[in-house]
Amino acid sequence: MDSAIKISVCVEEEKSVMKDSFYNMPYKIVPYGSQRENQHLELIIMSSSPGIMDEDHLTIDIQVGAKANLHLYSQSYNKLHPMKTGASQQTKVDVGEDALFQYIPYPITPFKDSIFNTMNEVRMEKGATLLWGDIICAGRVHREEIFQFEKLHSTTKIYKEGKIVYIDNQVLKPKEQPIDKMLFHEGYTHQATLIIASDFAAAFKKEMDEIFRGEYEDITFGFTMCANDMVLVRALGNNGDLLYNFLKTVASMCTDYIEHQTPVAELT
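Everything in this summary refers to the structure shown in the same document.

1. Some details on the packing of aromatic side chains
Stage number 1. Throughout the structure, instances matching the rule amount to 13 aromatic pairs.
Stage number 2. When the centroid spacing of 4.8 Å and the interplanar angle of 55 degrees are considered together, the rings of Tyr32 and Tyr73 count as tilted. Pair noted here: Tyr32 is in the loop between β3 (27–31) and β4 (41–47) and Tyr73 is in strand β6 (residues 69–74), with a separation of 41 residues, a long-range link.
Stage number 3. Since its relative accessible area comes to 40%, Tyr32 is described here as partly exposed.
Stage number 4. Aromatic side chains Tyr106 and Tyr244 sit 4.1 Å apart centroid to centroid with 15 degrees between the ring planes, which places their arrangement in the stacked category. With Tyr106 in the loop between β9 (100–103) and β10 (108–110) and Tyr244 in helix α2 (residues 240–261), this residue pair connects regions lying 138 residues apart in the sequence.
Stage number 5. Among the aromatic residues, ring-to-ring pairing joins Phe212, Phe221, Phe223 and Phe246 into one connected group.
Stage number 6. Directly above the ring of Tyr159 sits Arg123, whose terminal nitrogen or CZ lies 4.0 Å from the centroid.

2. Observations concerning the sheet that holds strand β13 (residues 151–160)
Stage number 1. One open sheet accounts for seven strands, arranged β2-β1-β5-β8-β11-β13-β14; its pairing is mixed. Each edge of the open sheet carries a strand with a single partner, namely β2 (15–23) and β14 (163–172). Mean inter-strand twist for the sheet, computed between neighbouring axes without regard to direction, equals 10 degrees.
Stage number 2. Two strands pair when backbone bridges link them, and strand β1 (residues 2–12) and strand β5 (residues 57–64) are joined in this way by eight bridges, in the parallel orientation. Residue pairing across strands places Asp2 opposite His57, the latter belonging to β5.

3. Quick word on helix α1 (residues 201–211)
Stage number 1. Those residues of α1 that sit buried are Ala201, Phe204, Lys205 and Met208. Along the long axis of α1, the arc covered by the buried residues comes to 105 degrees, so they all point the same way. Looking at α1, the residues exposed on the side facing more than 90 degrees away from the buried face are Lys206 and Glu210.
Stage number 2. Of the surrounding elements, those touching the buried residues of α1 are β15 (190–197), β16 (220–227), β17 (230–237) and α2.

Parameters at a glance
Residues numbered from 1 in each chain as written. Predicted model: local features only at pLDDT ≥ 70, side-chain atom pairs only at ≥ 80, totals over all residues. Heavy atoms only, no water. Phe/Tyr/Trp six-rings, centres within 6.5 Å; stacked < 30°, edge-to-face > 60°. Helix = DSSP H or I, 4+ residues; strand = E, 2+ residues; numbered from the N terminus. Buried < 20%, exposed > 50% of the residue type's maximum accessible area, 1.4 Å probe, protein only. Lys NZ or Arg CZ within 6 Å of the ring centre and 35° of its normal. Pairing = 2+ DSSP bridges. Axes fitted to C-alpha atoms, helices over the stretch in contact; angles between N-to-C directions. Arc of directions from axis to C-beta. Contact = heavy atoms within 4.5 Å.

Encoded structure:
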């Protein structure tokens, strides 16, 4: 099945609102949270499908206008069912000048024999902020399908003011790679990534250096400046919900920090 999601967000009367949207089966875009209480817009991608099936292809196009603030969520774990040919997802995001886009979806769970390719391309204008997360599970752990998927290929490219500043090209082939060993998942079953791209990224990293001096329960993680004005957080664990909440906590800390550095009028 070929599916598409398109979202366009702008600022009206000092609030971020949905300007336009399009989606087809099995997806739906629904407002999330309280628009009255928040200056930013919260949306959730819902699906009536039990997961991604063989030969499914999803295209996502997101436009965040200048000074708009969008927080996008997913409904549940993204389940990749057994496949023979494979499925794909292509996501394109444009974050306008002084805008903010946050997207931390629930983890991807590849079932046995699943094949999935995802391509993400984000373009940021001057003063834009991006909080981009993803979590990859080893499979259905309780069904003993740990690293029994066929292939998972994820590529993320980030451009700032027309210049590419970040590329992450990750290919996981459990039958050919020692994924559970050192330099891969190192015995853990879940891997999480959070990218923080902002003019305030370097300053926020100094805050993280102070806050995360100790260990986080049941999670091994690290963070570093991976480009100018960009922090990369990597974490390993054995629980998808725990890693999901960890990424959301870090992202919330980041947005709170940015709001204290930026006049409220500039975030509307």
